[in-house]
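Survey of secondary and tertiary structure
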Amino acid sequence: MTPTTSAPIASSEELRARESAHLTPGLQHFAILAGRAMAKGRGSKLWDVEGREYIDFIGGIGVNALGHCHPKYVKAIQDQAEKLTVGSFTSEPRVKLLELLAKVLPKHLSHLQLYSGGTEAVEAAMRLAKSHTKKWEFLSFWGGFHGKTMGTMAMMGTTAKQGLGPFPPGNLSAPYANCYRCPFKLKYPSCGMLCAEFARDAVKHQSAGALAAIVVEPMQGTAGNVIPPKEWLPALASIAKEFGALLIADEMITGFGRTGTMFASPELGVQPDIMTLGKGIASGFPLSALAARPEISGAKPYAAPSGSSSSYGGNPLAAAAALASVSTIVDEDLAANSRRQGEKFLTRLNEWKDKFPFVGEVRGKGLFLAMELVSDRETKAPLSKEKTEKLYQLGVAKGILSMSYAAAVRFQPALNITDDELSKGLDLLEETLTELSRSA
Ligand SMILES: Cc1ncc(COP(=O)(O)O)c(C=O)c1O
């Protein structure tokens, strides 16, 4: 029989083997490649079971707003766990959380519902959009990622959905404003935002006249922390209006200070009708949300009794965790730290663009940053999987965790990363790039 949980702490290798005996394959790529079992985290540092230290630039892919084990967060969860954890009766932490969220969100998004995961919140937003508009089509974008349930997978703009269909009908799609990899091979701004025109045409030609909403990441995360030009979101807002549809901004990753401001879509000039929220909202506790205009949020059947709710969404323990996360982001002004540290990060990335020929582009807003690794700057051909995975492994061996196993390397460290953690992580990353360049 396998040892019980009271067995002495085993090595990373042994724990991975024991886990793999029961866990289905398909873990997040960086966890598979690292092959390490983590034991402890503080701030932007992690230690594995062997006691090796790592600087964490992955940050749970944007989840870890507060850094590992922030004392206020730990205490709030401990305190609430002793009082009440289960159920959807009204509770003080939920009331306080909703009031705080209403304060930090754009004023018009005053009505919220709470869920457990990102995809669930986006599915709920789709239900609400259908309930309000009485229509059923959605426009989403190439490269987009909104989750892995059927409705959100239908909107997935990548090959990852292949083999998993059929999906619900009513999904229209158009290219995202990804200027580095423009599918029209044009250059901004001389392109005249052809992608926005194309999106309008896509609706005109593909729609059955039932567009309920445009669903968009204000900045695309999974596609490689892509930042669109300033005209993109306002153009989509006007297309939504033209077709009597809602604008849903999926701020799962961009929300709560990640891009240097509390939310990305108002900064990019739009007032979405619905916003979906997650990740940093609860810094690791599974809580997500949607926020909507009050005149939309009461639409039925979404708003019928038991229509908008779920078993775990906003239970007292989850609400206490999210309350601790959001109040700490506000009290410690972590959006400002994200801006400050993001600028330093980007300056360093720009130096690497000059230093390493395989760095094709760098970009970033706050602590939402990316570096494109290419084998040829002219053709922008992505650096091979073999090389990027090697880069990641070099980093793990040196003690830096970043999403460098793919050609579009993404960085989203904790919002409260310190100067020391940041410069140490960047030094280690530069060492790995230097080693890669020597072996390339
Ligand atoms: C923009 C966006 N929406 C939705 C999701 C899905 O969230 P979850 O994995 O919690 O279902 C993600 C996850 O990465 C995301 O980045």
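Residues numbered from 1 in each chain as written. Predicted model: local features only at pLDDT ≥ 70, side-chain atom pairs only at ≥ 80, totals over all residues.

It is worth spelling out the packing of helix α4 (residues 71–81) against helix α12 (residues 316–331) at this point. Axis separation between α4 and α12 bottoms out at 9 Å; the angle between their running directions is 160°. It follows that α4 is roughly antiparallel to α12 by the angle criterion. Viewed along their axes, α4 and α12 form a crossing whose handedness is right-handed. Residues K72, Y73, A76, I77, Q80 and A81 of α4 touch α12, and the partners they reach there are P316, L317, A320, A321, L323, A324, S325 and T328. Per-class residue counts for the contact of α4 with α12 are 10 nonpolar, three polar and one charged. (Axes fitted to C-alpha atoms, helices over the stretch in contact; angles between N-to-C directions. Helix = DSSP H or I, 4+ residues; strand = E, 2+ residues; numbered from the N terminus. Parallel < 35°, antiparallel > 145°, perpendicular 65-115°, else oblique. Left-handed = near helix turned anticlockwise from the far one by under 90°. Contact = placed C-beta atoms within 7 Å. Nonpolar A, V, L, I, M, F, W, Y, C, P; charged D, E, K, R; others polar.)

Taken together, 15 residues are adjacent to the ligand, and G117, G118, T119, G147 and M252 come closest. The greatest single-element share of the shell around the ligand, amounting to three residues, is contributed by helix α6 (residues 118–133). Residues belonging to the shell around the ligand are distributed by class as follows: five nonpolar, eight polar and two charged. (Near = placed C-beta within 6 Å.)

Partitioning the protein into structural domains gives domain 1 (12–69 + 334–439) and domain 2 (72–331). Relative to domain 2, the C-alpha centre of domain 1 lies at a distance of 26 Å. With 26 residues of domain 1 at the contact, the number on the domain 2 side is 25 residues. Contributing elements (two or more residues each) for the side of domain 1 that touches domain 2: α3 (59–62), α13 (334–355), β11 (359–365), β12 (368–376) and β15 (408–411). Each residue belonging to the side of domain 1 that touches domain 2 can be placed in one class, and the counts come to 12 nonpolar, seven polar and seven charged. (Domains from an automatic or database assignment.)

A word on the confidence of the model for the protein. Mean pLDDT over the protein works out to 96, with 98% of the residues at or above the 70 mark. Across the protein, the element-wise mean pLDDT spans from 92 in helix α2 (residues 29–34) up to 99 in strand β8 (residues 246–250). (pLDDT = per-residue confidence, 0-100.)

Here four strands make up an open sheet; going across it, the order is β1-β2-β3-β14 and the pairing mixed. Edge positions in the sheet fall to β1 (38–42) and β14 (400–401), since each of these pairs with one other strand and no more. Pairing of strand β3 (residues 53–56) with β14 involves two bridges; the strand directions are parallel. Opposite I55, over in β14, you have I400 as the bridge partner. (Pairing = 2+ DSSP bridges.)

Attention shifts here to the environment of S437. Locating S437 in the fold gives a position in helix α15 (residues 419–439). Taking the C-alpha atoms as reference, S437 lies 9.9 Å from K355; in sequence the two are 82 residues apart.

Residues A408 and R410 point to one face of β15 and V409 and F411 to the other, with burial holding for every one of them. Sheet topology places β12 next to β15; four bridges connect them, and they run antiparallel. Bridging across to β15, M371 finds its partner in V409. (Buried ≥ 20, exposed ≤ 12 C-beta atoms within 10 Å, placed from the backbone.)

Moving on, we get to unusual backbone geometry. In this chain, G165 is followed by P166 through a cis amide linkage whose omega measures 5°. With a phi close to 55°, K185 is a non-glycine residue in the positive phi region. The residue K185 is located in the loop between β6 (171–174) and α8 (194–206) in this model.

The subject of this paragraph is the sheet that holds β6. With mixed pairing, the seven strands of this open sheet are ordered in space as β4-β10-β9-β8-β7-β5-β6. Each edge of the open sheet carries a strand with a single partner, namely β4 (111–115) and β6. On average, each strand axis in the sheet is tilted by 20° relative to the strand beside it, whichever way the strands run. Contacts between α6 and the sheet are confined to β4, β5 (137–141), β7 (211–216), β8, β9 (274–277) and β10 (288–292), with β10 contributing the most and set at about 25° to the helix.

On to the nonpolar core. Counting residues in hydrophobic clusters, the biggest one holds 126 residues, and the most contacted among them are I214 and L236. Per element, the largest residue contribution to this core is 10 residues, and it comes from α12. Among the domains, domain 1 (12–69 + 334–439) and domain 2 (72–331) are the pair contributing at least three residues each to this core. (Core = buried A, V, L, I, M, F, W, Y, C linked by C-beta atoms within 7 Å.)

Of all six residues in β7, six are buried, a share of seventy percent or more. Where β5 meets β7, three bridges bridge the pair, whose relative direction is parallel. Following the sheet pairing, E137 is matched in β7 by L211. Here four bridges tie β7 to β8, and the two strands are oriented parallel to one another. Each residue of the ladder has a partner; that of A213, found in β8, is L246.

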